[in-house]
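Each chain is listed here by its residues.
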Amino acid sequence: MYPENLRYTKDHEWIDVKGSDGTVGVTFFAQKELGDVVFVELPDVGRSLAQGEIFGTIESVKAVSEIYSPVSGTVLAVNTDLKDHPEQVNLDPYGAGWMVKIRLANSGEIGGLMESRTYQSLVGGGH
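Here goes a summary of the coordinates provided. (Residues numbered from 1 in each chain as written. Predicted model: local features only at pLDDT ≥ 70, side-chain atom pairs only at ≥ 80, totals over all residues. Heavy atoms only, no water.)

**Considering a nonpolar patch on the surface**
Working step 1: Judged by side-chain polarity, Val 38, Phe 39 and Val 61 come together as a nonpolar surface patch covering roughly 270 Å² of accessible area.
Working step 2: Along the polypeptide, Val 38 turns up in strand 4 (residues 37–41).
Working step 3: According to the relative accessible area criterion, Val 38 is partly exposed, its value standing at 42%. (Patch = residues over 30% accessible without salt bridge, like charges linked within 9 Å, V, L, I, M, F, W, Y side chains within 5 Å. Areas by Shrake-Rupley, 256 points an atom, 1.4 Å probe, with all protein chains shown as cover. Salt bridge = Lys/Arg side-chain N within 4 Å of Asp/Glu carboxyl O. Helix = DSSP H or I, 4+ residues; strand = E, 2+ residues; numbered from the N terminus. Buried < 20%, exposed > 50% of the residue type's maximum accessible area, 1.4 Å probe, protein only.)

So this is what it looks like as structure tokens:
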């Protein structure tokens, strides 16, 4: 449920780093807690983010939650498909439900994020 190649935040975001870029989304646990996602608000391309900064919101039938950047950097791309298909966050949180792609400002920040096993312990096991 929590891919080994990703890093995780205590706020339930994941990042998949490839070179100096990272793809960010919310975890299976986060989408499950939210319930059916009906709207996703994402930042503009080119926006600079600080680690831990709010960059968007997810609205579900149960609640509205903020999305935090796991790293500092610049937004390279946003998943515009989520505007018309927010349910992708529920259906495929690690694939089609990705939120933003970020050019990392400080790759050292990745070391402060949780590995899969540690994140699973935080959320109580496999799910």
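So that's the structure; there's more coming.
**Some words on the sheet that holds strand 2 (residues 13–18)**
Whether parallel or antiparallel, the strands of a sheet pair through hydrogen bonds between backbone atoms.
Working step 1: On the basis of which strands lie adjacent, the open sheet formed by six strands has the order 1-2-3-9-8-5 and antiparallel pairing. Looking at the sheet topology across the chains shown, the edges are occupied by strand 1 (7–8) and strand 5 (48–49).
Working step 2: Alignment of strand 2 against strand 3 (residues 21–26), held across six bridges, turns out to be antiparallel. Paired with Val 17 across the strands is Gly 22, a residue of strand 3. (Pairing = 2+ DSSP bridges.)

**As for the side chain of Asn 90**
Working step 1: Along the polypeptide, Asn 90 turns up in helix 3 (residues 88–91).
Working step 2: Of note is the side chain of Asn 90, whose polar atom sits 2.9 Å from the backbone oxygen of Gly 35. (Polar contact = N/O pair within 3.5 Å; in protein donor to acceptor, adjacent residues only side chain to side chain.)

**Overview of the sheet that holds strand 4**
Working step 1: Across the sheet, three strands lie side by side as 4-6-7; this open sheet has antiparallel pairing. The outermost strands of the open sheet, each flanked by one partner alone, are strand 4 and strand 7 (64–68). Neighbour-to-neighbour, the strand axes of this sheet turn through a mean angle of 25°, independent of strand direction.
Working step 2: Alignment of strand 4 against strand 6 (residues 54–60), held across four bridges, turns out to be antiparallel. Residue pairing for strand 6: Val 37 is matched across the bridge by Ser 60. (Axes fitted to C-alpha atoms, helices over the stretch in contact; angles between N-to-C directions.)

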